[in-house]
Amino acid sequence: MPLVVLDGIDSDVDERALLHLYNRLVEVQGTLLLTSRLSPDAWSFSLPDLSSRLRSLPNVTIDPPDDELLIAILSKLF
């Protein structure tokens, strides 16, 4: 089962290649992880099929760490 990670999907992307990659991964039951500084709603792809497929994927927002988490990490490391 292949796993593909694409970092910075909000920058220049070959949309046709990404659409083909997505479709191929669906066929082989692979996994696709996309990272971006923008939410999927802010992505502006010109291919409607690509836009709809990517917007249907689950997404997660990772917020910056707060002071409590930073203290816990620093305490563990030292």
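In what follows, the structure referred to is the one given above.
The paragraphs below set out a description of the structure included in this document. On a predicted model such as this, the values are computed, not experimentally measured, just so you know.

1. Examining the overall build of the protein chain
When you go through the protein chain residue by residue, the secondary structure sums to three helices and two strands. Put simply, the protein chain runs from its N terminus to its C terminus through helices and strands in the order β-α-β-α-α. At 16 Å, the protein chain has a C-alpha radius of gyration far larger than the 12 Å of a compact globule built from 78 residues. Its C-alpha atoms give the protein chain principal-axis dimensions of roughly 45 × 30 × 20 Å. Out of the 78 residues belonging to the protein chain, those deemed buried represent 19%. Intrachain contacts of the protein chain at a sequence separation of at least 6 include 68% that bridge at least 24 residues.

2. Details of the pairing of strand β1 (residues 3-6)
Where β1 meets strand β2 (residues 31-34), four bridges bridge the pair, whose relative direction is parallel. Its bridge partner lying in β2, valine 5 is registered against leucine 33. At this point the chain moves from β1, through helix α1 (residues 15-27), to the parallel β2, and the crossover so formed is right-handed.

3. Let's talk about a nonpolar patch on the surface
Residues Leu69, Ile73, Leu74, Leu77 and Phe78 make up a contiguous nonpolar surface patch of roughly 580 Å² in combined accessible area. Mapped onto the fold, leucine 69 is located in helix α3 (residues 67-77). With relative accessibility at 41%, the residue leucine 69 sits in the partly exposed group.

The rules behind these values
- Residues numbered from 1 in each chain as written.
- Predicted model: local features only at pLDDT ≥ 70, side-chain atom pairs only at ≥ 80, totals over all residues.
- Heavy atoms only, no water.
- Helix = DSSP H or I, 4+ residues; strand = E, 2+ residues; numbered from the N terminus.
- Rg over C-alpha atoms; globule rule 2.2 N^0.38 Å.
- Buried < 20%, exposed > 50% of the residue type's maximum accessible area, 1.4 Å probe, protein only.
- Contact = heavy atoms within 4.5 Å.
- Pairing = 2+ DSSP bridges.
- Right-handed = clockwise from strand over helix to strand, strands pointing away.
- Patch = residues over 30% accessible without salt bridge, like charges linked within 9 Å, V, L, I, M, F, W, Y side chains within 5 Å.
- Areas by Shrake-Rupley, 256 points an atom, 1.4 Å probe, with all protein chains shown as cover.
- Salt bridge = Lys/Arg side-chain N within 4 Å of Asp/Glu carboxyl O.

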